[in-house]
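Residues per chain are reported as follows:
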Amino acid sequence: MTEQADMGQIDMGSVVILLATHNGAEFLRAQLDSFTAQSYRNWQVFAGDDGSTDTSHEILTAFAEQSLLNDNSVEIVDGPCAGTSSIHFLSLLIRAPQTPWLAFSDQDDVWLPDKLARAVAALAPLDPTRPALYCSRTWVTDADLGNPVLSRNYTRPRAFQNALLQNIAAGNTIVLNRAAADLARRAAPAAMPVPGCSTSDHPTPGIPAHDWWLYQLITGAGGQIIHDDTPTLYYRQHGRNQVGANHGLAAAVVRTKAVLNGGYLRWNSANITALESVSDLLTPQNRALLRGFADLGKKPLFARIRAFRTLGLYRQTRFTQAAIWVALVLGRL
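Presented here is a report on the structure given in the accompanying data block. It should be emphasised that the depicted structure is a prediction, and the values quoted were computed from it without experimental measurement.

### What to know about the environment of Lys-298
Moving on, step 1. Take Lys-298: it is sitting in the loop between helix 11 (284-295) and helix 12 (301-311).
Moving on, step 2. Through-space distance from the C-alpha of Lys-298 to that of Gly-331 is 9.0 Å; in sequence the pair is 33 residues apart.

### Overview of the packing of helix 4 (residues 85-95) against helix 7 (residues 178-191)
Moving on, step 1. In contact at an axis separation of 9 Å, helix 4 and helix 7 are set at 130° when each is read in the N-to-C sense. Relative to helix 7, helix 4 is oriented oblique. In terms of crossing hand, the pair formed by helix 4 and helix 7 is left-handed. For the pair formed by helix 4 and helix 7, the contact residues are Ile-87, Leu-90, Leu-93 and Ile-94 on the first element and Ala-181, Ala-184, Arg-185, Ala-188, Pro-189 and Ala-191 on the second.
Moving on, step 2. In terms of residue class, the contact of helix 4 with helix 7 is made up of nine nonpolar, no polar and one charged.

### Comments concerning helix 12
Moving on, step 1. When we look at burial in helix 12, the residues that qualify are Arg-304, Ile-305, Ala-307, Phe-308 and Leu-311. With its buried residues spanning 165° around the axis, helix 12 presents them on a single face. Residues Phe-302, Arg-306, Arg-309 and Thr-310 are exposed on helix 12 and point more than 90 degrees away from its buried face.
Moving on, step 2. For helix 12, the secondary structure elements touched by its buried residues are helix 6 (160-163), helix 11 and helix 13 (318-330).
Moving on, step 3. Where helix 12 terminates, the next one or two residues include Gly-312, which has phi positive at roughly 70°.

### Focus: the pattern of salt bridges
Moving on, step 1. Under the criterion given, the structure shown has five salt bridges.
Moving on, step 2. Notably, a salt bridge pairs Asp-228 with Arg-118, separated by 2.7 Å at the nearest N-O pair. Of this pair, Asp-228 sits in strand 10 (residues 224-228) while Arg-118 sits in helix 5 (residues 115-123); the two residues are 110 residues apart in sequence, bridging distant segments of the chain. Of the two residues, Asp-228 and Arg-118, both sit in the buried class.

Procedures and definitions
Residues numbered from 1 in each chain as written. Predicted model: local features only at pLDDT ≥ 70, side-chain atom pairs only at ≥ 80, totals over all residues. Heavy atoms only, no water. Helix = DSSP H or I, 4+ residues; strand = E, 2+ residues; numbered from the N terminus. Axes fitted to C-alpha atoms, helices over the stretch in contact; angles between N-to-C directions. Parallel < 35°, antiparallel > 145°, perpendicular 65-115°, else oblique. Left-handed = near helix turned anticlockwise from the far one by under 90°. Contact = heavy atoms within 4.5 Å. Nonpolar A, V, L, I, M, F, W, Y, C, P; charged D, E, K, R; others polar. Buried < 20%, exposed > 50% of the residue type's maximum accessible area, 1.4 Å probe, protein only. Arc of directions from axis to C-beta. Salt bridge = Lys/Arg side-chain N within 4 Å of Asp/Glu carboxyl O.

See below:
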């Protein structure tokens, strides 16, 4: 029996699964069934339903009743109806019970049976006072879970210098230890949109992606990132995904276009605003990196290039790194 399988039988404390739902009835039951099939048995679900008009809430309610028979609890709350899954997840993060482990779940995937066991086995030996984030590769599939393709493997260091430019932590695979969850709870209000901010001189629209923000926050605070090369779930692509898989040439082209048309600049601006609001949570070195990154756009071209080299920021592939250099020259970083 492998170490990961052994961990599935050892109780290392409860995992709270944050589940965000919105009109996901078509695939929701399959995801819930994959929770029940986990080899790591000590889990509970904290689900937010964001104004579903289909049968999502009824499916959750039936699952909650079933789970009581297996000694697992399911709590269902109203979502924030903010229009984005990232803000939905942040609202759940703030309200969730405090337990040793915190996992994030989409409504339309299917977890492999050892998903939680692998995460807990990877996180449990680490210093519990240091924030740590576990994430993994996935099987990217079609709507029927067919034609699986393994997601990208990231080989360059997982550090703040990388996190400022890109996300490598797929949100549907993330599990946090208690220190990371506590850190994220402290920082989450600054990442939420401010009501009425559109008329403000300093708008705070909220972060573009909660998983990218978590990668930035935890590396920025000196935490640890574990990226498991073994896939832990089927990532279903069905045409209604709010954020699709970052996989393949087509995805690279889409993201490169975002760099060049100014979308990436807006994302960076929102991320910088959120991080600057909690800069006291970052290490001194990473606070300096954040200031340098925020100031890049204020510099003339050649000073901007010199500053970028000094900061040592990087993406994981040569293709996307080249796109960053183009954006830097065009002033769209």
